[in-house]
Amino acid sequence: MGLLIFLLIIIAIVFGVIVIRNNIVRHHNATIRAWSDVATYERQKIKILDGLEPLVEQYSSFEKGTLEKVTELRQNILNLNLNNTDVNQLQRIEALNQELMRSLNVVVENYPELKANDIYLKMMNEIEEQNENVGAAISIFNRNVELFNNHIQIFPNNIVNTMTVGKKAVRPFRDAAALQNFDYRPNFN
């Protein structure tokens, strides 16, 4: 009878370890998928940028800075690593995107006829929509990062993680520019 209870306890422990390990893997895969979604939405901007570049070029041969920003943003998006979560690279892309949007607004101010151009307006709406998609994907990514990090850091999951898969915590995306303009700083001590 005692041996049966001992075996049942061992089986329960092994089963618990398997469930915890599988949940760690599941949360890690969800984080990877969420990162891929962010990268996919960023890459969808390339199609819009490819159409926007000649349009802006048509309106001004001397708006070289804006065209350079379009090219730099496109190149940074193409270099976004799908297999490795690089939050710094994503922060750079988002900063470049904000710079480009400011430059495009200046171009429109200099060329009022561009504002009336249906193609330009359509592209600006598409860029805005993609920016909203990226924002939503980043929120989902950060939520998955939080769930994954919590899952590998709580007890006894941290022990199972160390003994089996050895996953490291993933760094969430933070918008440094937005944080600079935000006065509130929570006390997490």
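Residues numbered from 1 in each chain as written. Predicted model: local features only at pLDDT ≥ 70, side-chain atom pairs only at ≥ 80, totals over all residues. Heavy atoms only, no water.

**A look at the overall build of the protein chain**
Test applied: Helix numbering and strand numbering both begin at the N terminus, where a helix is a DSSP run of H or I of at least 4 residues and a strand a DSSP run of E of at least 2. Residue burial is assigned from relative accessible area. The probe radius is 1.4 Å, only protein chains are included, and a residue is buried under 20% of its type maximum, exposed over 50%, and partly exposed in between. In short, Shrake-Rupley with a 1.4 Å probe defines the accessible areas, and a residue's cover is counted only from the protein chains shown.
Helices and strands together make up the secondary structure of the protein chain, namely 7 helices and 0 strands. Walking the protein chain from its N terminus toward its C terminus, one meets helices and strands in the order α-α-α-α-α-α-α. Within the protein chain, the fraction of its 189 residues that count as buried is 35%. With the model as given, the accessible surface of the protein chain reaches about 11,800 Å², and the carbon-plus-sulfur share is 57%.

**Quick look at the nonpolar core**
Which entries qualify depends on this criterion: Remark: nonpolar core denotes a set of buried residues (Ala, Val, Leu, Ile, Met, Phe, Trp, Tyr, Cys) joined through side-chain atoms within 4.5 Å.
Counting residues in hydrophobic clusters, the biggest one holds 34 residues, and the most contacted among them are Leu73, Leu104, Ile127 and Phe141. Contributing elements (two or more residues each) for this core: helix 1 (2–59), helix 2 (64–78), helix 3 (87–110) and helix 5 (118–153).

**Observations concerning the confidence of the model for the protein chain**
Counted only if it meets this: By definition, pLDDT measures how confident the predictor is in each residue, and it falls between 0 and 100.
Per-residue confidence for the protein chain gives a mean pLDDT of 80, with 79% of residues at or over 70. Predicted confidence in the protein chain is weakest over helix 7 (residues 176–180), with a mean pLDDT of 60, and strongest over helix 6 (residues 157–163), with 92.

**Quick look at the environment of asparagine 158**
Inspection of the secondary structure puts asparagine 158 in helix 6. With 138 residues separating them along the chain, asparagine 158 and isoleucine 20 place their C-alpha atoms 9.5 Å apart.

**So, the pattern of salt bridges**
Under the convention used in this document: Only one rule defines a salt bridge in this text: a Lys or Arg side-chain nitrogen within 4 Å of an Asp or Glu carboxyl oxygen.
If you walk through the whole model with that rule in mind, you get 4 salt bridges. Across the pair lysine 45 and glutamate 94 runs a salt bridge whose closest N-O atoms are separated by 3.8 Å. Here lysine 45 is found in helix 1, whereas its partner glutamate 94 is found in helix 3, with 49 residues between them in sequence. The closest approach of N and O atoms between arginine 92 and glutamate 72, which form a salt bridge, is 2.5 Å. Here arginine 92, found in helix 3, pairs with glutamate 72, found in helix 2; they are 20 residues apart in sequence, far enough to count as distant.

**Topic: unusual backbone geometry**
The step from phenylalanine 155 to proline 156 runs through a cis peptide bond, and the omega angle for that step is 0 degrees. The topology assignment puts proline 156 in the loop between helix 5 and helix 6.

**Description of the side chain of asparagine 149**
Spelled out, the test is: By definition, residues are in contact when any of their heavy atoms lie within 4.5 Å.
Take asparagine 149: it is sitting in helix 5. When sequence neighbours within four positions are dropped, the list of residues in contact with asparagine 149 reads Ala169 and Val170.

**Side note on the side chain of asparagine 76**
Structurally, asparagine 76 is set in helix 2. Those residues in contact with asparagine 76 that lie beyond four places of it in its chain are Gln89, Arg92, Ile93 and Leu96.

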